[in-house]
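Chain residues, written in single-letter form:
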Amino acid sequence: MTEYTRRLLLTGAAAALAAPAIARADTWPSRPIRCIVALPPGGGTDATGRIAMQYLSEALGQPIVIENKPGAGGTIGSDIVAKAAPDGYTFGIATSSSHAAAPVFRKDLPYDPVKSFTAVTMIGTTSYILIGGPAAGAKDLPTFIANTRAQPGKVACASLGPSTLGYLLTRQFEQIAGLKMIDAPYKGAAAVYPDLMNGTVAVMLDNPSGSAGLVRENRLTGFAVTRPSAAVPNVPTFDSLGVRNFQDVFWYCIVAPPGLPPEIAERVQKILAQALLADPGRGRLRAIDVEPVVSTPADFGATMARETKQWRDLADRLGIKPE
C-alpha cells in the first residue's frame, strides 16, 4: 500500500465516522425508540401520545420510551425533535399549540412548524371544555359569566402560558362573553387540576382528554364544551348557551426530524391507522374525547399551514402580537 493510498483510506474512514447516521428502513427498528411529549405527564397530550405509542411499540416489537420535556407552551420539546437525527429513533407528539399557534406568539420560534419536521400522521382531534372549581362561584356558564363580569380583573383563569392555543382561545372567550380575567400560567394541565379543586384558580379552558374524569366525578364543574363530547355528555355546548362563533379544533399528531426516510414515515402511519381507526384503539381515544383522525404526511403538512394562518388572523382580531 502506497502512502497516498493509505491517506485516502484514512480520510474516507474519518469522513464516514463524521457523517450522520442514515436510517435504513429495511433494518429499522433495531433498538428502542424515544417519543418526546412537550408537556408534563397527566394531561391530554400525554395521555393521547401514550396510547398511540403503545400500539406502535407493540407492532414494531421495540420499546418506545416517553420523554416529557415541558416548557414554553410545547416549543422546548418540539425543538428537541426538530434537531434530532432523522434515524427513526426520535418522534414527537405535536399539537395545534406547538405547531399551528406557536408562530402567532413568538418571533424567535426556534423551528419552522412545517419545514423543521417530517409530518408523519395526525392522531386525532378533540374539543375544549371550560372547567372550574369552588373559586368560580358558579355551577353553570350563565352564572359564571354574570359573576365574572361583575368583578373584572379578579377571577383567575389558568392557562399553559401565553404562547399556547388555550390562552388564545381564552382571550377569544373573554371577548365574546365580555369578560376580563387574570391569566395564571402553568407548565401543564395536570398541575392545574388540584389548584382548581382547592380554589387557588377559578377556571381553565382545557381538553376533556385530561379532565373529563374529574368532571364526571363532580370534583370539577364542566361549564361548556366547544362541541358535543362523549366523554362528558351532560356538559352543554357554548353555542347552546349563547356563546357563539367559538373555535373548537385541537389536534394531536406524530412528527419526526426533517429527513426521515419516507418508508419509515409511511410504515408508522399505516400501523397507527390500523390501530386507532378500529377498536380497541378507537374506543380508548374516544374515552378521553379524542376522535381518531389519521392523515397522510402531505395532508398533515397542509393542515398545519392552513391553521397557522387561521390562528394568526384570530390573534390579529384580538390585538395579540408576537413577542
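The preceding data block contains the structure.
Residues numbered from 1 in each chain as written. Predicted model: local features only at pLDDT ≥ 70, side-chain atom pairs only at ≥ 80, totals over all residues. Heavy atoms only, no water.

(A) View of the overall build of the protein chain. Along the protein chain, the regular secondary structure elements total 11 helices and 11 strands. Relative to the compact-globule value of 20 Å for 323 residues, the protein chain shows a C-alpha radius of gyration of 22 Å, a close match. Reported as C-alpha extents along the three principal axes, the dimensions of the protein chain are approximately 90 × 45 × 35 Å. A buried classification covers 54% of the 323 residues belonging to the protein chain. Intrachain contacts of the protein chain at a sequence separation of at least 6 include 81% that bridge at least 24 residues. Surface accessibility of the protein chain: about 14,200 Å² in total, with carbon and sulfur atoms responsible for 55%. Taking the average place of the 31 positive charges on the side chains of the protein chain and the average place of its 27 negative ones, the gap between the two points comes to 3 Å. (Helix = DSSP H or I, 4+ residues; strand = E, 2+ residues; numbered from the N terminus. Rg over C-alpha atoms; globule rule 2.2 N^0.38 Å. Buried < 20%, exposed > 50% of the residue type's maximum accessible area, 1.4 Å probe, protein only. Contact = heavy atoms within 4.5 Å. Areas by Shrake-Rupley, 256 points an atom, 1.4 Å probe, with all protein chains shown as cover. Lys, Arg positive; Asp, Glu negative; His and termini not counted. Charge placed at Lys NZ, Arg CZ, Asp CG, Glu CD.)

(B) Focus on helix α4 (residues 96-105). Counting buried positions along α4 yields 10 of 10 residues, so the element is predominantly enclosed. Listed as buried for α4 are S96, S97, S98, H99, A100, A101, A102, P103, V104 and F105. The inward-facing, buried residues of α4 abut α3 (75-82), β3 (90-95), α6 (165-177), β10 (250-256) and α11 (297-318).

(C) α3, seen in detail. For α3, a buried count of six out of eight residues is recorded, marking the element as mostly surrounded by other parts of the structure. Every buried residue belonging to α3 is among T75, G77, S78, D79, V81 and A82, and all of these are buried.

(D) How the structure looks around the nonpolar core. Counting 81 residues, the largest nonpolar core has F91, L141, F144 and F173 as the members making the most contacts within it. Setting aside anything within four residues of it in sequence, one finds F173 in contact with L130, L141, F144, I145, L179, M181, F238, V243 and F246. By size, the runner-up hydrophobic cluster in this structure holds 20 residues, among which are A156, Y193, A212 and V235. (Core = buried A, V, L, I, M, F, W, Y, C linked by side-chain atoms within 4.5 Å.)

(E) The arrangement of the sheet that holds β3 in detail. Strand order across the open sheet formed by six strands is β2-β1-β3-β10-β4-β11, with mixed pairing between neighbours. Edge strands, defined here as strands with exactly one partner in the open sheet, are β2 (64-68) and β11 (290-292). Averaged over all neighbouring strand pairs, the angle between strand axes comes to 30 degrees, with direction disregarded. Here four bridges tie β3 to β10, and the two strands are oriented antiparallel to one another. The residue bridging G92 from the neighbouring strand is V255, located in β10. This element, helix α2 (residues 44-60), spans β1 (33-37), β2, β3, β4 (118-126), β10 and β11 of the sheet and lies at about 160 degrees to β2. (Pairing = 2+ DSSP bridges. Axes fitted to C-alpha atoms, helices over the stretch in contact; angles between N-to-C directions.)

(F) The arrangement of the sheet that holds strand β9 (residues 221-225) in detail. Taken in spatial order, the five strands make up an open sheet running β7-β6-β8-β5-β9, and their pairing is mixed. The outermost strands of the open sheet, each flanked by one partner alone, are β7 (182-185) and β9. When strand polarity is set aside, the average angle formed by the axes of neighbouring strands in this sheet is 30 degrees. Taken together, the two bridges between strand β6 (residues 156-159) and strand β8 (residues 203-206) define a ladder with parallel strand orientation. The residue of β8 that forms the bridge with C157 is V203.

(G) A look at the packing of α4 against α11. Running from amino to carboxyl end, α4 crosses α11 at an angle of 50 degrees, the nearest separation of the two axes being 8 Å. Taken together, the axes of α4 and α11 are oblique relative to one another. In this structure, α4 crosses over α11, and the sense of that crossing is right-handed. Note on element contacts: α11 touches α4 through M304, E307, T308, W311, R312 and A315, opposite S96, H99, A100, A101, P103 and V104. Class assignment for the residues of the contact of α4 with α11 results in seven nonpolar, three polar and two charged. (Parallel < 35°, antiparallel > 145°, perpendicular 65-115°, else oblique. Left-handed = near helix turned anticlockwise from the far one by under 90°. Nonpolar A, V, L, I, M, F, W, Y, C, P; charged D, E, K, R; others polar.)

(H) Layout of the packing of aromatic side chains. Summed over the entire model, instances satisfying the criterion amount to seven aromatic pairs. Where F250 meets Y252, the ring centres are 5.3 Å apart and the plane angle is 75 degrees; that geometry is what we call edge-to-face. Ring pairs connect the aromatic residues Y128, F250 and Y252, which therefore count as one cluster. In this arrangement the basic side chain of R31 is found over the ring face of Y89, its NZ or CZ atom lying 3.7 Å from the centre. (Phe/Tyr/Trp six-rings, centres within 6.5 Å; stacked < 30°, edge-to-face > 60°. Lys NZ or Arg CZ within 6 Å of the ring centre and 35° of its normal.)

(I) Structural detail: empty space enclosed by the protein. Within the structure shown, the criterion is met by two cavities of 30 Å³ or more. Each pocket or cavity is described by its volume, and for the largest cavity that value is around 330 Å³. Surrounding the largest cavity, 31 residues form its lining, L39, T45, L160, N207 and F250 being those nearest its centre. Going through the elements one at a time, α2, β3, α4, α6, α7 (189-197) and β8 are the ones with two or more residues in the lining of the largest cavity. Looking at the lining of the largest cavity, its residues break down into 15 nonpolar, 14 polar and two charged. Taken as a whole, the second largest cavity spans an internal volume of roughly 40 Å³. What lines the second largest cavity is I36, A38, G77, S78, V81, G92, I93, A94, H99, F117 and V255. Taken together, the elements giving at least two residues each to the lining of the second largest cavity come down to α3 and β3. (1 Å grid on protein atoms, 1.4 Å probe; cavity = no way out; pocket = protein on both sides within 12 Å on 5 of 7 lines; lining within 4 Å. Points joined across faces, edges and corners; volume = space filled by probe spheres on them.)

(J) Seen up close, the pairing of β9. Counting buried positions over the five residues of β9 gives five, a clear majority of the element. Pairing between strand β5 (residues 129-132) and β9: four bridges, direction antiparallel. Paired with G132 across the two strands is T221, which belongs to β9.

Scope: geometric values only; no functional claims are made or implied.
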